Amino acid sequence: MNIETLLVRAGVERDSTTGAISTPIYQSATFQHPELGVSTGYDYSRTANPTRTALEEAIAALEQGARGFAFSSGMAAITTVLFLFKPGDHLVVSEDLYGGTYRLLAQVFSEFGIQASFVDTSCTKEIEAAIRPDTRALFIETPTNPLMKITDLEKAVVLARTYGLLTIIDNTFMTPYLQRPLTYGADIVLHSATKYLGGHNDTVAGLVVTRDAELGERIGLLQNACGAILGPQDAWLILRGLKTLAIRIEKQQQNALAIAEWLQRHPAVETVYYPGLSGHPNREVAERQASGFGGMLSFSVHDPDIVPHVLKNVKVITFAESLGGVESLITFPARQTHADIPEEVREHLGITDRLLRLSVGIENANDLILDLEEALYVKK
Ligand SMILES: *Cc1c(COP(=O)(O)O)cnc(C)c1O
């Protein structure tokens, strides 16, 4: 089955007793045992819940992995995956990545003796140079957030295998519709399903998929032991979101390209970061490993004083954190999503007080461009 079809079929026809098309929301904490030693497959909803199972099986099929797991947020998913490691372990991590992941590693897991080195993973040499005898995994976001750098998945996996490391990919920006890292040999894919998979800025959720069943068993144990599971109502909302993912992303990336090209010609704009632009340094890698460039872009302006003006004056685009929904959102990473990254690190990465990030929605592209044109206009 092609991915558009798989997406629409997510969770469909799972209830043979009623024939419900939509997966029922099994709002039950516990399940009756038919007799001693006999189970329906469901005992207690932290361990497994039928609505959550429908979502977990759907994401595993979409990412072409062995097992899927649903969590109460993207951070809960990442936290659970990081419990695979123990004191003394070291990870090599993309340097410009989701600020919450940086905070989790730098301020929480560091206290438990798990170390991380943050490097530019779009450069394979930099990854290799950061690998130490105690390194256990590569943790990669591609494209990176917010600077949209692309890591070559195939090369990263080859390197990881040479050194016996796990490869963990945060696939939130691309989704399985555009990029399936497990097919390149990555071991774990994870998502903030809050973003594109849910797609409507109405649910917080996280997903994990493992390539093989053995690693799946370990994540399953951690999910049940730590307990940061997704509730049935929210699992249903993510299933509902999946059905329209393909058409949403097609429209979002069509809009994103139009906006990126328009921004590039705007005199107030310094640099546009979008992998679909012909000048993007990693465009060829992006084209090879993903079937599209997605709906996220960032841009820097020459004058930092224009930033508050833009954020105040957008009308169609909303000034808010998050991404991947049908509504276009604009973010100021240095003060919002990436505020917990130390200032000198941010400056080094290019996450400056002149950088804005745009999550492009499914509105009419001309309305979005007109909105930006008006917001970028400053009366002299
Ligand atoms: C939002 C986000 C997360 C965190 O997910 P939550 O659902 O907000 O907990 C992780 N990674 C990326 C790339 C994100 O955009």
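Every value quoted in this text rests on a predicted model; they were computed, and no experiment measured them. (Residues numbered from 1 in each chain as written. Predicted model: local features only at pLDDT ≥ 70, side-chain atom pairs only at ≥ 80, totals over all residues. Heavy atoms only, no water.)

A.B. asks: Would you mind showing me how to read empty space enclosed by the protein here?
C.D. replies: Rolled over the atoms, a probe sized like a water molecule indicates the empty space that remains. Here the structure, examined in full by the defined rule, presents 1 cavity of 30 Å³ or more. Approximately 60 Å³ is the volume found for the largest cavity. Looking at the lining of the largest cavity residue by residue, the classes come out as 7 nonpolar, 4 polar and no charged. (1 Å grid on protein atoms, 1.4 Å probe; cavity = no way out; pocket = protein on both sides within 12 Å on 5 of 7 lines; lining within 4 Å. Points joined across faces, edges and corners; volume = space filled by probe spheres on them. Nonpolar A, V, L, I, M, F, W, Y, C, P; charged D, E, K, R; others polar.)

A.B. asks: Before we go on, may I ask you to explain the layout of surface pockets in this structure?
C.D. replies: What the largest pocket holds in volume is close to 330 Å³. What lines the largest pocket is a set of 23 residues, and nearest its centre among them are G74, M75, Y98, S192 and K195. Of all the secondary structure elements, the ones that give two or more residues to the lining of the largest pocket are α3 (74-82) and β6 (188-192). A class-by-class count of the residues in the lining of the largest pocket yields 8 nonpolar, 10 polar and 5 charged. Residues from two domains meet in the lining of the largest pocket; each of domain 1 (3-88 + 153-242) and domain 2 (245-376) gives at least three. (Helix = DSSP H or I, 4+ residues; strand = E, 2+ residues; numbered from the N terminus. Domains from an automatic or database assignment.)

A.B. asks: Sorry if this is basic, but what is going on with the side chain of T80 here?
C.D. replies: Structurally, T80 can be placed in helix α3. Discounting chain neighbours no more than four positions away, the residues touching T80 are F71, L222 and Q223. (Contact = heavy atoms within 4.5 Å.)

A.B. asks: Help me understand the sheet that holds strand β3 (residues 115-119) in this model?
C.D. replies: The strands making up a sheet are joined through hydrogen bonds of the backbone, oriented either antiparallel or parallel. The strand order across the open sheet formed by 7 strands is β1-β7-β6-β5-β4-β2-β3, and the pairing between neighbours is mixed. Of all strands in the sheet, those bounded by a partner on one side alone are β1 (67-71) and β3. The sheet shows a mean angle of 20° between the axes of neighbouring strands, direction not considered. Examined bridge by bridge, strand β2 (residues 90-94) and β3 share 5 bridges and lie parallel to one another. Bridged to S94 within β3 is V119. Along the sheet face, helix α2 (residues 50-63) touches β1, β6 and β7 (206-210) and points at about 130° away from the line of β1. (Pairing = 2+ DSSP bridges. Axes fitted to C-alpha atoms, helices over the stretch in contact; angles between N-to-C directions.)

A.B. asks: Honestly, the site of the ligand in this entry has me stumped. Any pointers?
C.D. replies: Near the ligand there are 13 residues, and of these G74, D170, S192, T194 and K195 occur at the shortest range. Here an oxygen atom of the ligand sits 2.9 Å away from a polar atom, N or O, in the main chain of G74. When the free accessible area of the ligand is taken as 380 Å², the share hidden by the protein chains comes to 92%. Mapping the ligand onto the cavity grids shows that it belongs to the largest pocket. Here the shell around the ligand gets 3 residues from one element, more than from any other, and that element is α3. Residue classes in the shell around the ligand are distributed as 5 nonpolar, 5 polar and 3 charged. (Near = heavy atom within 4 Å. Polar contact = N/O pair within 3.5 Å; in protein donor to acceptor, adjacent residues only side chain to side chain. Areas by Shrake-Rupley, 256 points an atom, 1.4 Å probe, with all protein chains shown as cover. Sits in = over half its atoms within 2 Å of the grid points.)

A.B. asks: Would you explain α3 in this entry?
C.D. replies: An α-helical turn contains 3.6 residues, so a residue and the one three or four places further along point in the same direction. Across the 9 residues of α3, 7 count as buried, placing the element largely inside the fold. Along α3, the residues that are buried comprise G74, A76, A77, I78, T80, V81 and L82. With a side-chain oxygen positioned 3.3 Å from the backbone nitrogen of M75, the residue opening α3 is S73. (Buried < 20%, exposed > 50% of the residue type's maximum accessible area, 1.4 Å probe, protein only.)

A.B. asks: Hey, could you run me through the packing of α2 against helix α9 (residues 232-243) in this one?
C.D. replies: The description of two helices packed together rests on the angle between their axes and the distance between the axes. Viewed as axis vectors pointing N to C, α2 and α9 meet at an angle of 35°, and their least axial separation amounts to 8 Å. Two packed elements cross with a definite hand, and for α2 against α9 that hand is left-handed. Facing T51, R52, A54, L55, A58 and L62 of α2, the residues of α9 in contact are P232, A235, W236, I238, L239 and L242. Broken down by class, the residue content of the contact of α2 with α9 amounts to 10 nonpolar, 1 polar and 1 charged. (Left-handed = near helix turned anticlockwise from the far one by under 90°.)

A.B. asks: Looking at this model, I keep getting lost on the domain arrangement of the protein. Mind explaining?
C.D. replies: Often, the extent of an interface is quoted as the loss of accessible area on bringing the components together. By the assigned domains, the protein splits into domain 1 (3-88 + 153-242) and domain 2 (245-376). In this complex, domain 1 contributes 21 residues to the contact, which on the side of domain 2 involves 24 residues. Approximately 1,900 Å² of surface area, both sides summed, lies buried where domain 1 meets domain 2, with 56% of it carried by carbon and sulfur atoms. Counting every contact that joins domain 1 to domain 2 gives 0 salt bridges. Remark: the boundary between domain 1 and domain 2 carries 11 residue pairs in polar contact (both at pLDDT 80 or more). The biggest single contributor to the side of domain 1 that touches domain 2 is helix α7 (residues 175-178), with 3 residues. Residues that form the side of domain 1 that touches domain 2 fall into these classes: 10 nonpolar, 8 polar and 3 charged. (Buried area = accessible area lost by both parts, 1.4 Å probe. Salt bridge = Lys/Arg side-chain N within 4 Å of Asp/Glu carboxyl O.)

A.B. asks: I would appreciate a short explanation of the UniProt feature "modified residue: N6-(pyridoxal phosphate)lysine" (unreviewed entry) in the protein in the present structure.
C.D. replies: Under the present numbering, the feature "modified residue: N6-(pyridoxal phosphate)lysine" (unreviewed entry) in UniProt falls on K195. Structurally, K195 is set in the loop between β6 and β7. Aside from chain neighbours lying at most four places away, what touches K195 is Y98, T172, S322, L323 and G324. (UniProt positions renumbered as here; feature names shortened; annotations may be inferred.)

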